Amino acid sequence: MLSYEGFTLIIMLFILAPIMGAIALLFLFIFEKRIDLLENKNKEIRLEQALQEAQYNKLNQQIQPHFLFNTLNVILGLARLNRTAELIRALEAFSQFLKFKYKASEPLIPLSQEIQYTQHYLDIQTLRFGDRLKIDMECPEPLSIALVPPFILQTLVENSFKHGLEKKVGEALLHIRFHLDSQMVYLEVADNGLMGNESSVTDEGGHGLDNIQKRLYLYFNDRAQLNIASNESGTKVEVSWPLVFDKKLEEAEPE
Amino acid sequence: MRSRTFQEYVQGPIQIGMGLGIISLLARWVTGTTILSSPESMVKYGVFGGIGYALMGAIALSMFSFIGKRVRQDFPVGLTIGDYLKARLHPLGYWILIVILVITSFHILFIQGMAASTLCQFLFDTPLYVGLFFFFAFCVLYAGFGGLKLIHGFAAFQVIFMFAAVILIPLYFFVKEGIQPVYDGIRLYHPYMLVINKYDLWSFLLAGLLVGFGQFFFDLTSWQRLFMMEMKKVPLTFSLSGLIWIIFPLSFSSLFIMVIFTGGFTDIHSILDGLANKITTPFFFILFVLCAFSAITSTFGACLHSLVSLIVANILEPLQTKKNDQQKIRLACLLSICIGGLVFVATIFYSPNLLELLFYSGNIYSALLAPILVIVFSKGKVADYIPISAVLAIVASYIIQPYVSEFQSIWFSGLASLTILVICMILTLIKNKWKFVKTKP
């Protein structure tokens, strides 16, 4: 049998519970927007930091003396042979490539832009490798206005050269494929390069991949994925993230 | 206020945050049944019956956060539960669950209609159909025609009325009368209400948990709100909604305690009459009426809107050629009028007891619990035997219902679907293993 004290406690609970509930709801309404704002600011700052880190990594790792000398040697060779048209194209590609390193500051850029900048890097590599290099890039037209985190394609392509194709004797193959499935953008970068050992990717290329993973997580949480698979016939990296469009570009796109 | 697209009609113009999410869920889940059944369960199973009723609902609503999180991770974009089921089930299983969803939604609308008729009888001297006509017309207009934008506009006011009533009325009464006379009165007239270890109480709580879980996990409106919320806020919104929801049945129970301590009563109508005599201040009486109507209209409106959205998006669309957004909205309005009219006629001509009605549907919800959990927590498309297990369990439980108690048929229903599922899963596993052994060279 419930005692009087117990009954009093229950009645107090019945009376106090709605008051507490109302206060909790009121608190939520007043502070939810502010908490969201602070959270977004925090996320924005972390994204900016990650992007700066990515830019720093690019400058620090990829414009290495090794790459720079090789490219300059190719350019010098073209100058000595008086192949002016190719020389101009090489210098143009090289300067455009360097320019992007300083330019990208948005957390998301249109895919066409990312492809264009990666193309400058690929142009330089084509000059270096000559006919040995076969590049195969597939990107559905509607995806060109989809937004992607900058440097993702470029980092993966550069990793393919750095860890696989540079050491490859004979034909060097690089497959780049974008596709759309269930509102998710998929990017596959596969090469037939020879992996010296597994650790080289995680140690040297690790910074680049870590940075990609970090930025994808900051922007898309668990909805973005990065997978890497390596064997004797080459390396395949697959990245996926939710489809996002730039509203302005989408409106400008003809029907 | 007219919606521009069908998506806007169903989901509103923007994603909702935690505050609006909780308001929206409270508007759905503080229902006519909460007002009338929680005191009835207290009267039947004692003070702890009332507390148990509140706890069951709160636990079930909080637990939905786990389901919600998983669903949004696997299926981030959608409008209704139908969209999710379509992605996870084969056509046969999909249509089975859609039919059950439509039946249970009609049942919820009917229960709200019954609650409204109880309140109309208590308040107005006019014939019942006049009061009910205005009630249904109001709900069809604001929820069926207005879409989610108007539902949320009204929900804020409805929840304010509900909070004002449950805070002010008991506070005013207990400060004025004190607790001692109430305790003495209950001990004198209804001493069983103060007893804790009544066997029936535990049966009630166990059956209630099964029904509560099934009901919350298989509710059109909850799923629709789930797809509107910002993904990261889903778990916390549902957990907090459960925590805040608990106060409503508790407070409505305390309102009825204020009446029954002065003497005996025959049924819920006599308690309502007693309450009208007890709340002598016009302000509090109006507040109580507003609170009751808010609870009933908000639930009816939310359920009507969800049902109409499901029918247009998941039943009519796959069956006919594609319509444009404005045609879909017009169709939704027309369906709202039809459903409103149908429930109006059913309420006028049929009047079962409320708690009886709740237990009648208990078998369905209890049978659905295990299948819905399996659907949500398994990967890829799920087999047809999962929804079929629910149907078999429902049929079996209704067959044995005349021979067992209400609670036992609910337990049987839940247990039957679970058993069928487990047996089918084991059989599938053995079959797959056998296939593997046979194909191995």
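If you're wondering where the values come from, they're calculated on a predicted model, not measured in any experiment.

Enquirer: Help me understand the overall build of chain B, please; the structure alone is not making it clear to me.
Expert: Secondary structure summary: chain B contains 19 helices and zero strands in total. For 441 residues, the compact-globule formula gives about 22 Å, and the C-alpha radius of gyration of chain B, at 22 Å, lands near that figure. Taken over the C-alpha atoms alone, chain B extends approximately 85 × 50 × 40 Å along its principal axes. In chain B, buried positions account for 59% of the 441 residues. Relative to all contacts within chain B whose residues are 6 or more apart in sequence, the contacts with residues 24 or more apart total 85%. Here chain B carries 28 positive and 17 negative side-chain charges, and the mean point of each set is 16 Å from the other.

Enquirer: Teacher, can you tell me more about the overall build of chain A here?
Expert: Of the regular secondary structure elements, chain A holds seven helices and seven strands. Its helices and strands taken in sequence order, chain A reads α-α-α-β-α-β-β-α-β-β-α-β-β-α from the N to the C terminus. Counting across all 255 residues of chain A, residues that qualify as buried make up 45%. Looking at chain A alone, contacts between residues at least 24 apart form 76% of all its contacts between residues at least 6 apart. Just so you have it, chain A exposes about 14,000 Å², and 57% of that area is on carbon and sulfur atoms.

Enquirer: How should I be thinking about the interface of chain A and chain B in this particular structure?
Expert: How big an interface is tends to be stated in terms of accessible area lost as the parts join. On the side of chain B, 40 residues touch chain A, which itself brings 24 residues to the contact. Between chain A and chain B lies a buried interface of about 2,800 Å² when both sides are counted; carbon and sulfur atoms form 80% of it. Summed over the three residues of chain A that lose the most area to chain B, namely Met1(A), Phe7(A) and Phe14(A), the buried surface amounts to 24% of that side. The interface formed by chain A and chain B holds three salt bridges in total. Between Lys233(B) and Glu32(A) there is a salt bridge, with its nearest N and O atoms 3.0 Å apart.

Enquirer: Even after reading the chapter, I still don't get the nonpolar core, so can you show me in this structure?
Expert: Where a protein is soluble and globular, its nonpolar side chains tend to be buried together. Phe7(A), Leu26(B) and Trp223(B) are the most contacted members of the largest nonpolar core, which totals 159 residues. Ranked by residue count, the leading element in this core is helix 15 (residues 282–319) of chain B, at 19 residues. In this structure Trp223(B) touches Phe64(B), Ile67(B), Val71(B), Ile81(B), Tyr84(B), Phe217(B), Phe218(B), Ile372(B) and Val376(B), once residues within four positions along its chain are discounted. Membership of the second largest hydrophobic core comes to 39 residues, among which are Tyr121(A), Ala172(A), Val237(A) and Trp241(A).

Enquirer: Please explain the sheet that holds strand 6 (residues 225–231) of chain A as it appears in this structure.
Expert: Pairing between sheet strands relies on hydrogen bonds along the backbone, with the strands arranged either parallel or antiparallel. Residue and element names in this part refer to chain A. Pairing is mixed across the open sheet formed by five strands, whose spatial order is 2-4-5-7-6. Either end of the sheet is taken by a strand with one partner, and the two such strands are strand 2 (133–138) and strand 6. Each strand axis lies, on average, 10 degrees off the axis of its neighbour in the sheet, ignoring direction. For strand 4 (residues 172–181) and strand 5 (residues 184–191), the ladder comprises eight bridges, and the chain directions are antiparallel. In the strand pairing of strand 5, His175 is matched with Ala190. In the packing of helix 4 (residues 111–129) onto the sheet, contacts are made with strand 2 and strand 4, and the angle to strand 2 comes to roughly 170 degrees. On top of the sheet, helix 5 (residues 152–163) reaches strand 2, strand 4, strand 5 and strand 7 (234–242); it is set at about 15 degrees to strand 5, its chief contact.

Enquirer: What is the right way to read the packing of aromatic side chains from this model?
Expert: Each aromatic ring pair is characterised by the separation of its centres together with the angle its planes make. By the definition in use, this model includes 36 aromatic pairs over all chains. Ring geometry for Phe27(A) and Phe31(A): centres 4.7 Å apart, planes at 45 degrees, overall tilted. Of the two residues, Phe27(A) and Phe31(A) are both situated in helix 1 (residues 4–62); the distance of four residues between them amounts to about one turn of the helix. Among the residues examined, Phe27(A) registers a relative accessible area of 48% and is labelled partly exposed. Their ring planes at 75 degrees and their centres at 6.0 Å tell us that Phe75(B) and Phe227(B) sit as a pair that is edge-to-face. One end of the pair, Phe75(B), is in the loop between helix 4 (47–74) and helix 5 (81–88); the other, Phe227(B), is in helix 11 (residues 220–228), with 152 residues separating them in the sequence.

Enquirer: Quick question: what am I supposed to make of the pattern of salt bridges here?
Expert: Charged atoms that come close allow side chains of opposite charge to pair. What the rule picks out here adds up to ten salt bridges over all chains. Residues Glu171(A) and Lys134(A) are paired through a salt bridge, measuring 3.7 Å at the closest nitrogen-oxygen approach. Taken together, the residues span a long stretch of sequence, with Glu171(A) in the loop between helix 5 and strand 4 and Lys134(A) in strand 2 at a distance of 37 residues. Residue Lys134(A) is classed as partly exposed on the basis of its relative accessible area, which comes to 40%. Connected via shared salt-bridge partners are Glu32(A), Asp36(A), Glu230(B) and Lys233(B).

Enquirer: Sorry if this is basic, but what is going on with helix 15 of chain B here?
Expert: Spanning 38 residues, helix 15 of chain B covers 53 Å between terminal C-alpha atoms, matching the ideal 56 Å at 1.5 Å per step. The buried fraction of helix 15 of chain B amounts to 29 of the 38 residues, a majority that puts the element mostly inside the structure.

Enquirer: Any chance you could explain the side chain of Thr347(B) here in plain terms?
Expert: Of note, Thr347(B) is situated in helix 16 (residues 325–349). The contact partners of Thr347(B), leaving out residues within four places of it in the chain, are Phe110(B), Gly113(B), Met114(B), Ser117(B), Leu132(B) and Phe136(B).

Enquirer: Sorry if this is basic, but what is going on with the confidence of the model for chain B here?
Expert: Detailed reading of the predicted model is not advised wherever pLDDT is low. For chain B, per-residue confidence averages 86 on the pLDDT scale, and 95% of positions sit at 70 or higher. For this predicted complex, the interface score ipTM comes out at 0.81, while the overall pTM is 0.72.

Enquirer: What's the story with the state of the cysteines in this structure? I'm lost.
Expert: Working definition: the covalent bond between the sulfur atoms of two cysteines is a disulfide. All names here are of chain B. If you walk through the whole model with that rule in mind, you get zero disulfides over all chains. Not engaged in a disulfide, the cysteine Cys333 finds its nearest cysteine sulfur in Cys338; these two sulfurs lie 11 Å apart. Its relative accessible area of 7% is what places Cys333 among the buried residues.

Enquirer: How should helix 6 (residues 91–123) of chain B be read in this particular structure?
Expert: One turn of an α-helix holds 3.6 residues; hence residues three or four places apart share an orientation. An ideal rise of 1.5 Å per residue puts 48 Å on 33 residues; helix 6 of chain B measures up with 48 Å between its terminal C-alpha atoms. Among the 33 residues in helix 6 of chain B, 25 count as buried, and that is most of the element.

Enquirer: For this particular structure, what's the right way to read the environment of Asp36(A)?
Expert: Considering the arrangement of structural elements, one finds Asp36(A) in helix 1. Once residues lying within four places of it in the same chain are set aside, the contact partners of Asp36(A) are Glu230(B) and Lys233(B). Engagement of the side chain of Asp36(A) in a polar contact is seen with the side chain of Lys233(B), the distance being 2.5 Å.

Enquirer: Sorry if this is basic, but what is going on with the packing of helix 6 of chain B against helix 15 of chain B here?
Expert: Residues and elements named next belong to chain B. Remark: helix 6 packs on helix 15, axes separated minimally by 10 Å, with the N-to-C direction vectors making an angle of 155 degrees. For the element pair helix 6 / helix 15, the angle class is roughly antiparallel. Pair helix 6 / helix 15 crosses with left-handed handedness. Of the residues belonging to the contact of helix 6 with helix 15, the class tally is 28 nonpolar, four polar and no charged.

Enquirer: Sorry, what's going on with the environment of Tyr121(A) here?
Expert: Residues and elements named next belong to chain A. Topologically, Tyr121 is positioned in helix 4. When its relative accessible area of 5% is taken as the criterion, Tyr121 is described as buried. For the pair Tyr121 and Leu98, spaced 23 residues apart in sequence, the C-alpha to C-alpha distance is 9.2 Å.

About the criteria used
- Residues numbered from 1 in each chain as written.
- Chains lettered and ligands numbered in written order.
- Predicted model: local features only at pLDDT ≥ 70, side-chain atom pairs only at ≥ 80, totals over all residues.
- Heavy atoms only, no water.
- Helix = DSSP H or I, 4+ residues; strand = E, 2+ residues; numbered from the N terminus.
- Rg over C-alpha atoms; globule rule 2.2 N^0.38 Å.
- Buried < 20%, exposed > 50% of the residue type's maximum accessible area, 1.4 Å probe, protein only.
- Contact = heavy atoms within 4.5 Å.
- Lys, Arg positive; Asp, Glu negative; His and termini not counted.
- Charge placed at Lys NZ, Arg CZ, Asp CG, Glu CD.
- Areas by Shrake-Rupley, 256 points an atom, 1.4 Å probe, with all protein chains shown as cover.
- Buried area = accessible area lost by both parts, 1.4 Å probe.
- Salt bridge = Lys/Arg side-chain N within 4 Å of Asp/Glu carboxyl O.
- Core = buried A, V, L, I, M, F, W, Y, C linked by side-chain atoms within 4.5 Å.
- Pairing = 2+ DSSP bridges.
- Axes fitted to C-alpha atoms, helices over the stretch in contact; angles between N-to-C directions.
- Phe/Tyr/Trp six-rings, centres within 6.5 Å; stacked < 30°, edge-to-face > 60°.
- Expected span 1.5 Å × (residues − 1).
- pLDDT = per-residue confidence, 0-100.
- Disulfide = S-S within 2.5 Å.
- Polar contact = N/O pair within 3.5 Å; in protein donor to acceptor, adjacent residues only side chain to side chain.
- Parallel < 35°, antiparallel > 145°, perpendicular 65-115°, else oblique.
- Left-handed = near helix turned anticlockwise from the far one by under 90°.
- Nonpolar A, V, L, I, M, F, W, Y, C, P; charged D, E, K, R; others polar.

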